[in-house]
Amino acid sequence: MLTIIGCGNLNRSDDAVGVIIAQRLQKYLAEKPHPNVRVYDCGTAGMEVMFQARGSKELIIIDASSTGSEPGAVFKVPGKELEAMPEPSYNLHDFRWDNALVAGRKIFQNDFPEDVTVYLIEAANLGLGLELSPVVKHSADLVFEEVAALISQNINF
């Protein structure tokens with residue numbers, strides 16, 4: 001089973017890129033069903049990421065980044081490199097997908113994917129807005145095509 005999770009906030013311009021790609025992949029799978037692929041829009045809910053990833057062999061997370069790199073830059077990173085222990089908090093909004101990777105592995109153990117890939121797309125604009133910037137939209141198209149090709153080429157998830 002391959003699980004693909006898009007993260008982000010649809011009201012914050014380029015922060016929505018992961019969610020938008022996940023929604024496009026859901027439409028793609030509606031037209032070209034694949035029984036071993038699941039796609040979720042988890043928004044900003046790290047806890048949702050943890051539960052949706054459970055039971056998968058492979059996990060792909062797609063999100064925006066804000067590192068000061070060139071806007072639209074795409075980073076494909078092994079999940080192990082980005083895992084982070086959650087900080088003590090009473091607010092579930094503080095529990096992000098990077099925290100979900102650590103917690104999910106600890107809680108679900110062998111029922112949590114070891115093979116995790118994260119696509120990060122450098123944002124140009126994280127202000128309020130409903131549209132992706134042109135450079136991020138272009139990068140979103142590239143990531144969508146790469147993940148769609150992965151789905152169509154691999155049948156043994």
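One can find the structure itself at the top, above this paragraph.
Every value quoted in this text rests on a predicted model; they were computed, and no experiment measured them.

Focus: the packing of aromatic side chains
- Scanning all chains against the criterion turns up 3 aromatic pairs.
- By way of ring pairs, the aromatic residues Phe51, Phe108 and Phe112 are connected into one cluster.
- The ring of Phe144 is capped by Arg24, whose NZ or CZ atom sits 4.1 Å from the centre of that ring.

Quick look at helix α5 (residues 134–153)
- In a regular helix each residue adds 1.5 Å, so 20 residues correspond to 28 Å; α5 covers 29 Å between its end C-alpha atoms and thus fits that length.
- Inspection of α5 places Val136, Ser139, Ala140, Val143, Phe144, Val147, Ala148 and Ile151 among the buried residues, and these make up the whole buried set.
- On its buried side, α5 packs onto β1 (2–7), α1 (17–31), β2 (37–43), β3 (58–65), β4 (74–78) and β5 (115–122).

Focus: the pairing of β3
- Among the 8 residues that make up β3, 8 are buried, leaving the element largely enclosed by the rest of the structure.
- Of the two faces of β3, the one holding Glu58, Ile60, Ile62 and Ala64 and the one holding Leu59, Ile61, Asp63 and Ser65 are both buried throughout.
- One ladder, built from 5 bridges, connects β1 with β3; its direction is parallel. Within the sheet, the bridge partner assigned to Ile4 lies in β3 and is Ile60.

Parameters and conventions
- Residues numbered from 1 in each chain as written.
- Predicted model: local features only at pLDDT ≥ 70, side-chain atom pairs only at ≥ 80, totals over all residues.
- Heavy atoms only, no water.
- Phe/Tyr/Trp six-rings, centres within 6.5 Å; stacked < 30°, edge-to-face > 60°.
- Lys NZ or Arg CZ within 6 Å of the ring centre and 35° of its normal.
- Helix = DSSP H or I, 4+ residues; strand = E, 2+ residues; numbered from the N terminus.
- Expected span 1.5 Å × (residues − 1).
- Buried < 20%, exposed > 50% of the residue type's maximum accessible area, 1.4 Å probe, protein only.
- Contact = heavy atoms within 4.5 Å.
- Pairing = 2+ DSSP bridges.

Without other data, these values stay purely geometric and don't point to any function.
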